[in-house]
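Here is how the chains run, residue by residue.
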Amino acid sequence: MEQHFFKKCQIKEMIEMENRRIKLTKRLINESFIELLQAKPFNKISVKEICDNADINRTTFYNYYDDQYDLLSNIEDNFINDINTLLKKYDFFNSNRVNVDTMLLEILNYIKDNKLIFLSLFETYDANFINRIVNVLGEAFIKMLQKGKGLNKKEAEYELYYVVYGILNVIRQWLLNDKKTSSKELVQIIFKINNYNN
């Protein structure tokens, strides 16, 4: 019985070590790719370059990703899922007022902490990435705009695109060129630009 328990513990430990190894390898691949995206356009990056930069072989890369497009998609998925998780903390549907400034501040801090990923995804100008952000924000913000500004659904949809595209470009500008403005100050600037009553 004791030997069986010991063997179970060893197996569990081996699985945990394998999971840590996989996470580390994927992180190396992701970091290598993001680093290369800082230096050259996405369509000029090969799997070989990603592997050389990460100091891994191509077989290892292909254990996790089909190609560089799959890798980009995976990074995008993780980013979008994290934003979605942040948004789920806010009740858009059952309360009269969502604390939009707190929510936006949380999103800005997440983007700032993941600056290279955001800028890389944005700079590849993958319309899919931006549309997915709009979709994540979509239904919740449309309902909020309808309630808060008295817009019909079509007007709220147009405002959503207008605001999100504008905010994403403001965030990009902030990350690239503005070292002095804090996340909290940027939230206030965004509200002022968009004439939100906070």
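Rules of the game
Per chain, residues are indexed from 1 in the order of the written sequence. Thresholds applied to this predicted model are a pLDDT of at least 70 for local features of residues and 80 or more for the giving and counting of side-chain atom pairs; totals over whole chains, interfaces and linings are not thresholded and use all residues. Side-chain measures were taken over the full set of non-hydrogen atoms in the model, leaving aside hydrogen atoms and water. A side-chain nitrogen of Lys or Arg and a carboxyl oxygen of Asp or Glu constitute a salt bridge if their distance falls within 4 Å. Only DSSP runs of H or I covering at least 4 residues are called helices, and only runs of E covering at least 2 are called strands; the numbering of each starts at the N terminus. Per-residue accessibility, obtained with a 1.4 Å probe over protein chains only, is compared with the maximum for each type, and a residue is labelled buried under 20%, exposed over 50%, and partly exposed between these values. Between two residues, a contact is recorded if the distance between any of their heavy atoms is within 4.5 Å.

It is worth spelling out the pattern of salt bridges at this point. Per the stated rule, a full pass over the model turns up 7 salt bridges. Residues Arg 132 and Asp 77 are paired through a salt bridge, measuring 2.6 Å at the closest nitrogen-oxygen approach. Taken together, the positions of Arg 132 in helix 7 (residues 127–149) and Asp 77 in helix 4 (residues 68–87) put the pair 55 residues apart, joining distant regions of the chain. Lys 153 serves as the salt-bridge partner of Glu 157, at 3.9 Å between the closest nitrogen and oxygen. Taken together, the residues Glu 157 and Lys 153, both in helix 8 (residues 153–177) and 4 residues apart, mark about one turn of the helix. Via salt bridges that share partners, Glu 76, Asp 77 and Arg 132 belong to a single interconnected network.

Assignment of secondary structure puts Cys 51 in helix 2 (residues 47–54). Judged by its relative accessible area of 1%, Cys 51 is buried. A C-alpha to C-alpha distance of 7.7 Å links Cys 51 and Ser 32, two positions 19 residues apart in sequence. Among all residues touching Cys 51, those that are not within four sequence positions of it are Ile 56, Asn 57, Arg 58 and Phe 61.

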